[in-house]
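Overview (structure and organization)
The lines below spell out each chain.
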Amino acid sequence: PGKFLPRPRTSPAFSPPPPKQPPGKSTTLASMMRQTPSMPQRVKALVAYSAGWWSEPTEAVRRVPALIMCGEADPRYAATFEFFKMGQHLGCPWVWRSYTHTGHELTSSVRNMAEAFLAHFAFRKEPSEMPALCYGDIQTFKSVPLAEKEVIPEEFRIELPSQAVADVWEKETE
């Protein structure tokens, strides 16, 4: 815990990054995502906040819970949301959260959401086998209990891993 993953190795889990991508946070995140499938026992969950490009997720990361976030005023919003949708299409246990009036900056809302999400998975042995307790609507950021999930249209519905995560997820930027 608390250590960086070793230098990424070639992995069939993700396609290689586009050529001539300048180094930066997007490159670092892509490297981390490529490393995840080769050491699933060391990755309980991950959080990503806004990147300009993403490698396409594959079946190898299907069991890794992730929180994908982006500010709605961030020029990287479309790429970040598309990445989330690709994971959702694969059936990945991923949570989406965007923030209005927020660009590419770390806010207390973003930090609080990341902390709540990671805290939920910190001491779990098999996070992907835990049933969803509540669901959220990614358009309104309102959550409902499992029994009411059908009130949210399927294309906007996500599983939220706990009520504690749902409570923070419902909060808007300050």
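Being a predicted model, the structure only gives us computed values, none of them experimental.

A few points about the overall build of the protein
Across its full length, the protein holds four helices and six strands. Along its sequence from the N terminus, the protein presents helices and strands in the succession α-β-β-α-β-α-β-β-β-α. Buried positions account for 43% of the 174 residues belonging to the protein. For the protein, the computed accessible surface area is about 9900 Å², with 57% contributed by carbon and sulfur atoms.

Comments concerning the environment of Leu46
With respect to the element layout, Leu46 can be found in strand E1 (residues 46-49). In this structure the C-alpha to C-alpha distance between Leu46 and Trp94, which are 48 residues apart in sequence, comes to 9.4 Å.

Some thoughts on the nonpolar core
Core analysis: the largest hydrophobic core is formed by 34 residues, its most contacted members being Ile68, Met69, Trp94, Met113, Phe117 and Trp169. Where this core is concerned, the elements lending two or more residues are E1, strand E2 (66-71), helix H2 (77-90), strand E3 (94-99), helix H3 (108-121), strand E6 (157-160) and helix H4 (163-169). In contact with Trp169, not counting residues within four places along its chain, are Val95, Trp96, Arg97, Met113, Gly136, Asp137, Ile138, Phe141, Lys142, Ser143, Ile158 and Leu160.

Comments concerning the side chain of Asp74
The topology assignment puts Asp74 in the loop between E2 and H2. Take Asp74: its relative accessible area is 4%, and that puts it in the buried class. There is a polar contact of 2.6 Å between the side chain of Asp74 and the side chain of Ser50.

Digging into the packing of aromatic side chains
Inspection of every chain in the model, using the stated rule, returns nine aromatic pairs. Where Trp54 meets Phe83, the ring centres are 4.1 Å apart and the plane angle is 10°; that geometry is what we call stacked. A residue pair is termed long-range when its members are at least 10 positions apart, and Trp54 in the loop between E1 and E2 and Phe83 in helix H2 qualify at 29 residues. Of the residues examined, Phe83 reaches a relative accessible area of 1% and is grouped as buried. Here Phe84 and Trp96 contribute two aromatic rings whose centre-to-centre distance is 5.6 Å and whose plane-to-plane angle is 40°, an arrangement assigned as tilted. With Phe84 in helix H2 and Trp96 in strand E3, this residue pair connects regions lying 12 residues apart in the sequence. Each of the two residues, Phe84 as well as Trp96, counts as buried. Among the aromatic residues, those joined into a cluster by ring pairs are Tyr77, Phe81, Phe84 and Trp96. Cation over ring: Arg97 sits above Tyr99, and NZ or CZ is 4.5 Å from the ring centre.

Calculation notes
Residues numbered from 1 in each chain as written. Predicted model: local features only at pLDDT ≥ 70, side-chain atom pairs only at ≥ 80, totals over all residues. Heavy atoms only, no water. Helix = DSSP H or I, 4+ residues; strand = E, 2+ residues; numbered from the N terminus. Buried < 20%, exposed > 50% of the residue type's maximum accessible area, 1.4 Å probe, protein only. Areas by Shrake-Rupley, 256 points an atom, 1.4 Å probe, with all protein chains shown as cover. Core = buried A, V, L, I, M, F, W, Y, C linked by side-chain atoms within 4.5 Å. Contact = heavy atoms within 4.5 Å. Polar contact = N/O pair within 3.5 Å; in protein donor to acceptor, adjacent residues only side chain to side chain. Phe/Tyr/Trp six-rings, centres within 6.5 Å; stacked < 30°, edge-to-face > 60°. Lys NZ or Arg CZ within 6 Å of the ring centre and 35° of its normal.

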